[in-house]
Amino acid sequence: MKSIKVKVINQLKDNYSFIIYSNNGKACVIDPAESLPIIEFIKNNNLKIKDIFITHHHKDHTGGIEGLINIFPQVNIHSPSSNIENTRFILQNNDEVESSINSFKIISTPGHTLDHIVYYDKHNKILFCGDTLFRLGCGRVFEGTLNQMYSSLQKINEIESETVIYCGHEYTMKNLTFLETTLDKQNLYLDIRQKIESEIELHNQSIPFELYEEKSYNLFLNQESKIGELIKKELKLDNYELF
């Protein structure tokens, strides 16, 4: 398998789309909200896209599909639902799907929406998780249930800790402030705050991030971290109640 790179594309107000590409000029796109910034990068780097992968049906993750099809009419749309316009291949839990440069395992993660899936490339140790997991947070539950979201996050929690995470929005500082103020444990988040602030100052974004770090700090994802055990003991909560 050829080595791959991931380009993070700013979209709308705080969305991210992603272009995965390799040295052979082939590429695929994850969750295009707007087509023009993606088309510009693809053309400037002489890339050819064959596949677009969608995590869920919300417009801020699909709005760029039509514009991309207009420029690249042979592109294949992979999504979890036939209700997503122009879908050619419908993906379900545990499916294995091949792009022109890598392969993904599909993990169903209902909660934010009922159709939500995430794309896990075990070989390259990357996960595209849409609006299920955010850095230090998780997606709002619009269509599913809290039980579904909890179970979906546990699926991600079981993935190899060395995995690099690409999520769909830049919510990190809001999530961090929420944890600090809600738990009244600012001192526990001092190190990660300094790291995140440094990343944002340097790159103007906090994406991507490492799963092993999330397992230490994100209480929505992992309630059995040192911080999680401390909070559960103080407040007499179990894992689900802490979530």
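Above this text sits the structure in question.
Here's what I pulled together on the structure shown here.

What counts, and where the lines are drawn
Residues numbered from 1 in each chain as written. Predicted model: local features only at pLDDT ≥ 70, side-chain atom pairs only at ≥ 80, totals over all residues. Heavy atoms only, no water. Axes fitted to C-alpha atoms, helices over the stretch in contact; angles between N-to-C directions. Helix = DSSP H or I, 4+ residues; strand = E, 2+ residues; numbered from the N terminus. Parallel < 35°, antiparallel > 145°, perpendicular 65-115°, else oblique. Left-handed = near helix turned anticlockwise from the far one by under 90°. Contact = heavy atoms within 4.5 Å. Nonpolar A, V, L, I, M, F, W, Y, C, P; charged D, E, K, R; others polar. Pairing = 2+ DSSP bridges. Right-handed = clockwise from strand over helix to strand, strands pointing away. Phe/Tyr/Trp six-rings, centres within 6.5 Å; stacked < 30°, edge-to-face > 60°. Buried < 20%, exposed > 50% of the residue type's maximum accessible area, 1.4 Å probe, protein only. Salt bridge = Lys/Arg side-chain N within 4 Å of Asp/Glu carboxyl O.

**Notes on the packing of helix H5 (residues 172-183) against helix H6 (residues 190-203)**
- Closest axis-to-axis distance for the H5/H6 pair is 11 Å, and the angle between their directions is 165 degrees. Relative to H6, H5 is oriented roughly antiparallel. Crossing of H5 against H6: the hand is left-handed. Between H5, through Thr172, Met173, Leu176, Thr177 and Glu180, and H6, the contact on the second element is made entirely by Ile192, Arg193, Ile196, Glu197 and Ile200.
- Of the residues contributing to the contact of H5 with H6, the split by class is 5 nonpolar, 2 polar and 3 charged.

**Describing the pairing of strand S4 (residues 48-53)**
- Across 5 bridges, the pairing between strand S3 (residues 26-30) and S4 is parallel. Looking across to S4, one finds that Ile30 is bridged to Phe53.
- Crossover handedness for the path S3 to helix H1 (residues 36-44) to S4: right-handed.
- Sheet topology note: the S4/strand S5 (residues 76-79) ladder contains 3 bridges and is parallel.

**Examining the packing of aromatic side chains**
- Overall, the coordinates contain 14 aromatic pairs when judged by the stated rule.
- Between Tyr21 and Phe41, the aromatic rings sit 5.5 Å apart at their centres with planes inclined by 65 degrees, giving edge-to-face as the arrangement. Of this pair, Tyr21 sits in strand S2 (residues 15-22) while Phe41 sits in helix H1, and the two are 20 residues apart along the sequence. No difference in accessibility class separates Tyr21 from Phe41, as the two residues are buried.

**Focus on the pattern of salt bridges**
- Under the definition given, this model contains 7 salt bridges.
- Here Glu210 ties to Lys195 by a salt bridge, and the two come within 3.7 Å at their closest N and O atoms. Of this pair, Glu210 sits in strand S14 (residues 209-210) while Lys195 is found in helix H6, placing the two residues 15 residues apart along the sequence.
- Note on Glu210: relative accessible area 28%, which makes it partly exposed.
- Overall, Lys195 belongs to the partly exposed group, its relative accessible area being 30%.
- In this structure, Lys195 engages Glu213 in a salt bridge whose closest nitrogen and oxygen atoms are separated by 2.7 Å. In this pair, Lys195 sits in helix H6 while Glu213 sits in helix H7 (residues 211-217), placing the two residues 18 residues apart along the sequence.
- One salt-bridge network, in which partners are shared between bridges, spans Arg135, Lys195, Glu199, Glu210 and Glu213.

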